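Report on the structure
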Amino acid sequence: MTTSQPAGVSEADLEHLFDRTIADDARIEPRDWMPDGYRKTLIRQVAQHAHSEIIGMQPEGNWLTRAPSLRRKAILMAKVQDEAGHGLYLYSAAETLGADRVDLTVKLIEGKQKYSSIFNYPTLTYADVGTIGWLVDGAAICNQVPLCRSSFGPYARAMIRVCKEESFHQRQGYELLATMMRGTDEQRAMVQESVNRWWWPALMMFGPPDDKSPNTEQSMQWKIKRHTNDELRQRFVDMSMPQAKALGVTFPDPDLAWNEERGSYDFGEPDWNEFTEVITGNGAANAERIANRRAAHEDGVWVREAAMAFAARNEETN
Ligand code: FAQ
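This report concerns the structure included in the present document.

Calculation notes
- Residues numbered from 1 in each chain as written.
- Predicted model: local features only at pLDDT ≥ 70, side-chain atom pairs only at ≥ 80, totals over all residues.
- Heavy atoms only, no water.
- Near = heavy atom within 4 Å.
- Polar contact = N/O pair within 3.5 Å; in protein donor to acceptor, adjacent residues only side chain to side chain.
- Areas by Shrake-Rupley, 256 points an atom, 1.4 Å probe, with all protein chains shown as cover.
- Helix = DSSP H or I, 4+ residues; strand = E, 2+ residues; numbered from the N terminus.
- Axes fitted to C-alpha atoms, helices over the stretch in contact; angles between N-to-C directions.
- Parallel < 35°, antiparallel > 145°, perpendicular 65-115°, else oblique.
- Contact = heavy atoms within 4.5 Å.
- Nonpolar A, V, L, I, M, F, W, Y, C, P; charged D, E, K, R; others polar.
- Patch = residues over 30% accessible without salt bridge, like charges linked within 9 Å, V, L, I, M, F, W, Y side chains within 5 Å.
- Salt bridge = Lys/Arg side-chain N within 4 Å of Asp/Glu carboxyl O.
- Lys, Arg positive; Asp, Glu negative; His and termini not counted.
- Charge placed at Lys NZ, Arg CZ, Asp CG, Glu CD.
- Phe/Tyr/Trp six-rings, centres within 6.5 Å; stacked < 30°, edge-to-face > 60°.
- Buried < 20%, exposed > 50% of the residue type's maximum accessible area, 1.4 Å probe, protein only.
- Lys NZ or Arg CZ within 6 Å of the ring centre and 35° of its normal.

Observations regarding the site of the ligand
Around the ligand sit 36 residues in total, of which Gln48, Lys114, Ser213, Lys225 and Asn229 are the nearest. Within the backbone of Met204, a nitrogen or oxygen atom sits 3.3 Å from a nitrogen atom of the ligand. A distance of 2.8 Å separates an oxygen atom of the ligand from a polar atom in the side chain of Asn229. Expressed as a share of its isolated accessible area of 1,100 Å², the protein-covered part of the ligand is 91%. When residues of the shell around the ligand are assigned to their parent elements, the largest contribution, six residues, is made by helix α2 (residues 36-55).

Topic: the packing of helix α7 (residues 153-181) against helix α8 (residues 185-204)
When two helices pack together, their arrangement is given by the angle between the helix axes and by the axis-to-axis distance. At a minimum axis distance of 8 Å, the contact between α7 and α8 shows a crossing angle of 140°. With respect to each other, α7 and α8 are oriented oblique. Contacts between α7 and α8 pair Leu177, Met180 and Met181 from the former with Gln187, Arg188, Met190 and Val191 from the latter. Class assignment for the residues of the contact of α7 with α8 results in five nonpolar, one polar and one charged.

Description of a negative patch on the surface
Taken together, the side chains of Glu11, Glu15, Asp19 and Asp36 make up a negatively charged region of the molecular surface. With three residues, helix α1 (residues 11-23) is the largest single contributor of residues to the negative patch.

Section: the packing of aromatic side chains
A ring pair, where both rings are aromatic, is described by two values, the distance of the centres and the angle of the planes. If you walk through the whole model with that rule in mind, you get twelve aromatic pairs. Judged by centre distance (6.2 Å) and plane angle (70°), the rings of Trp134 and Tyr174 are edge-to-face. Here Trp134, found in helix α6 (residues 127-144), pairs with Tyr174, found in helix α7; they are 40 residues apart in sequence, far enough to count as distant. Between Trp199 and Phe251, the aromatic rings sit 3.7 Å apart at their centres with planes inclined by 15°, giving stacked as the arrangement. One end of the pair, Trp199, is in helix α8; the other, Phe251, is in the loop between α10 (229-247) and β1 (257-259), and 52 residues separate them in sequence. For Trp199, a relative accessible area of 0% corresponds to the buried category. Here Phe251 falls in the buried class, since its relative accessible area comes to 8%. Among the aromatic residues, those joined into a cluster by ring pairs are Trp134, Tyr174, Trp199, Phe206, Phe236 and Phe251. The ring of Trp63 has Arg66 sitting right over it, with the charged end atom 3.9 Å from the ring centre.

Structure follows, in structure tokens:
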């Protein structure tokens, strides 16, 4: 990893320029000088984000062969492919920071880097496809729209396109659930049961509470993050409640209630022990997700070798 330091310019001057760029709300670009901690934090967050998009293909991918119609199958296939694309933009953004894509994947499959807790829950019914679109993509949008203003240029720009696609994902999930809610009692029950399972894990996507989040303060100072985990969680609850009412479902939280004074919903505490278990590898689907990712990585060896050989031959002939 290198830090550009033009000859004759002191580290203090570069740091000053970096601080001014952040204070002015301008973007840090890959060739700019940046503190090692800033680079390290970004690689950590962007890699975790990239891994989440790629691992996140699995829960919904589970229903591709069993989608109930050609139309639903085409929508789902497009959505899952979009997630692959998001992973690729994000690995590219990590590469601009000096990270190596294969190295990041190896760290993921060796359990040295995290991915979002949400993808360690199984998709038990077809309604889960709709609920993931509505709540999981909904939470992802809530978290990622502010990241379009993140201080690191390539990450912020990647987020603009990602958010546009996530909005389509959220709409297709909502539309799927709305269709099921207009169906039979059995379908309505299937939707409610699915929402009951995904609500709390969706709230956990925003990360631990602010007083237990070791990275938030520094990431906010660097304007990598623009809001705290709790601020975004609250925004998500407020955004989801009217949608749930329109859909005709409830969330499994007896403490959910409108707070007139705050102009927001009060809500209960997620089970943070469960969150810790899931992010330390003990969730229902962790082992399966990583085993699948490892197999795909190993199956892809010949493709990577062929691509490298092709690139090397092109270089020789040019
Ligand atoms: N899961 O100090 P903080 C998607 C870790 S994409 C697992 O608060 P930070 C699209 C955290 O890394 C979903 N680990 O950390 C889609 C840290 O561990 P470390 C992914 C979590 O970074 C939809 C430790 O806990 N989105 O859904 C989680 O300031 C459908 C302490 O936490 C992003 O990655 C968690 N939920 O804030 C795809 C968005 N939360 O690294 C397919 C970008 C926290 O120190 C289908 N990331 N941890 O060992 C972010 O905004 C932030 O990284 C947070 C965490 C908010 C996730």
